[in-house]
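In case you want the letters, here they are:
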Amino acid sequence: MNRLGTLGVVALAYVLLAGGPATSIETETDINVVTGIDFSHSVGLDEHLIVQEGLAEALLSPEVIRAIQHGQHGRIGFALFGWHTKTLPMLPWMLIGSADDARVAVQRIRAAFSEQIATETTLRRVEKRFGRPTDLSRALSSASDMLKAAPFRSTRSVINIVGNGPDNVGADAQGVRDATLALGFTINGVVLGQNPDVIEYFQQKVAGGPGSFVEHVPSSELMARVLTRKFINDIVIGFADGAAPKPDH
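Residues numbered from 1 in each chain as written. Predicted model: local features only at pLDDT ≥ 70, side-chain atom pairs only at ≥ 80, totals over all residues. Heavy atoms only, no water.

Some thoughts on the sheet that holds strand 2 (residues 76-83)
With respect to topology, six strands assemble into an open sheet ordered 3-2-1-4-5-6, the strand pairing being mixed. Looking along the sheet, the strands with just one partner apiece sit at the ends: strand 3 (87-96) and strand 6 (214-217). Geometrically, the sheet is characterised by an average inter-axis angle of 15° between neighbouring strands, direction not taken into account. For strand 4 (residues 157-163) and strand 5 (residues 186-192), the ladder comprises six bridges, and the chain directions are parallel. Bridge pairing in strand 5 links Ile 161 to Gly 189. Seen against the sheet, helix 5 (residues 136-148) touches strand 1 (32-38), strand 2, strand 3, strand 4 and strand 5 and runs at an angle of roughly 150° to strand 4. (Pairing = 2+ DSSP bridges. Helix = DSSP H or I, 4+ residues; strand = E, 2+ residues; numbered from the N terminus. Axes fitted to C-alpha atoms, helices over the stretch in contact; angles between N-to-C directions. Contact = heavy atoms within 4.5 Å.)

Here we look at the nonpolar core
By size, the foremost hydrophobic cluster in this structure holds 40 residues, and its most contacted members are Ile 37, Leu 55, Phe 78, Leu 80, Ile 96 and Phe 113. Among the elements that make up this core, the one with the highest residue count is helix 4 (residues 99-127) (seven residues). With near-sequence residues (within four places) excluded, Ile 37 lies in contact with His 48, Val 51, Leu 55, Leu 80, Phe 81, Gly 82, Trp 83, Phe 113 and Val 162. Counting 26 residues, the second largest nonpolar core, distinct from the first, contains Ala 150, Phe 152, Phe 185 and Tyr 201. (Core = buried A, V, L, I, M, F, W, Y, C linked by side-chain atoms within 4.5 Å. Buried < 20%, exposed > 50% of the residue type's maximum accessible area, 1.4 Å probe, protein only.)

A few points about the layout of surface pockets
Roughly 190 Å³ of internal volume is contained in the largest pocket. Secondary structure elements with two or more residues in the lining of the largest pocket: strand 4, strand 5 and helix 8 (223-236). Taken together, the residues of the lining of the largest pocket break down into six nonpolar, seven polar and two charged. (1 Å grid on protein atoms, 1.4 Å probe; cavity = no way out; pocket = protein on both sides within 12 Å on 5 of 7 lines; lining within 4 Å. Points joined across faces, edges and corners; volume = space filled by probe spheres on them. Nonpolar A, V, L, I, M, F, W, Y, C, P; charged D, E, K, R; others polar.)

Describing the side chain of Ser 40
Relative to the helices and strands, Ser 40 is located in the loop between strand 1 and helix 2 (45-60). Taking the relative accessible area as the measure of exposure, Ser 40 reaches 0% and is therefore buried.

Description of the pattern of salt bridges
A complete count under the given rule lists eight salt bridges for this structure. Across the pair Lys 148 and Asp 145 runs a salt bridge, and its minimum N-O distance is 3.6 Å. One end of the pair is Lys 148 and the other is Asp 145, both in helix 5 and three residues apart, which spans about a single turn. Relative accessible area serves as the criterion here: at 54%, Lys 148 is assigned to the exposed category. A salt bridge links Arg 177 to Asp 178; the shortest N-O distance between them is 2.7 Å. Exposure remark for Asp 178: the relative accessible area of 37% places this residue in the partly exposed category. (Salt bridge = Lys/Arg side-chain N within 4 Å of Asp/Glu carboxyl O.)

As for the environment of Ser 40
Separated by 44 residues in sequence, Ser 40 and His 84 place their C-alpha atoms 4.8 Å apart. In this structure the side chain of Ser 40 is engaged in a polar contact, spanning 3.1 Å, whose partner is the side chain of Thr 134. (Polar contact = N/O pair within 3.5 Å; in protein donor to acceptor, adjacent residues only side chain to side chain.)

Comments concerning the pairing of strand 1
Most of strand 1 is tucked away: seven of the seven residues are buried. The alternating pattern of strand 1 places Asn 32, Val 34, Gly 36 and Asp 38 and Val 33, Thr 35 and Ile 37 on opposite faces, both of which are buried. With seven bridges connecting them, strand 1 and strand 2 associate as parallel partners. Note that in strand 2 the partner of Thr 35 across the bridge is Leu 80.

Some remarks on the packing of aromatic side chains
For the coordinates displayed, the defined rule picks out two aromatic pairs. Geometrically, the ring pair formed by Phe 39 and Phe 113 is tilted, given 6.2 Å between the ring centres and 40° between the ring planes. Of this pair, Phe 39 sits in the loop between strand 1 and helix 2 while Phe 113 sits in helix 4, and the two are 74 residues apart along the sequence. Assigned by exposure class, Phe 39 and Phe 113 land together as buried. Residues Phe 78 and Phe 231 carry aromatic rings whose centres are separated by 5.8 Å and whose planes lie at 65° to one another, so their mutual orientation is edge-to-face. Placement of Phe 78 in strand 2 and of Phe 231 in helix 8 is noted, with a sequence separation of 153 residues between them. You'll find Phe 78 and Phe 231 in the same group, each marked buried. (Phe/Tyr/Trp six-rings, centres within 6.5 Å; stacked < 30°, edge-to-face > 60°.)

The values are spatial; any link to function lies outside them.
Here you go:
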């Protein structure tokens, strides 16, 4: 082997051993977004259907697709889970970079909601006497774990928490929220309904990080509109009219 060939083999071996480009090809996204949906008993099954269709309409909206495609990489990482006192896997991490990707995501979300609602219909008959608490701390820690395990590399990671009440399991959510923010993640909130105490709780104890915000859904008719605006805010760190959201913290 000539000298150039020998140098080439040595260089390749160095790259492989050093874990360089030949072995560490990663998919980059403009943002990784994980959304947690409240399945405690305070959220009715009819409300879940409204949330499901609101998510579907938002993800399929041309405005959200345009926001995604205007990013540096033109794609986002997206995942979804349910929560109460347990974590309910619904949509594992997937890439969304086009309308076709969004349609696949929506199909999977609808299937996951359908399966979970069928399970809930049975469980809630059994649990009716005891109820099911709202464990926001678990929601935040589960979302944080999902972001840390995301298969896509991104400089921005956002957690969206959708719910209608404060944490009523042990300590409130603020401690877990602060630990989550220390990892560099941003937490946004979507409050179902317009209870001012719950909105304030989300602003003070749940949301935080650069550009964080709390939306609320005053009526079912506005679900898709609010979620569309929320996803655009997530992606471009600004409202649909171009104004930057004011951080809650």
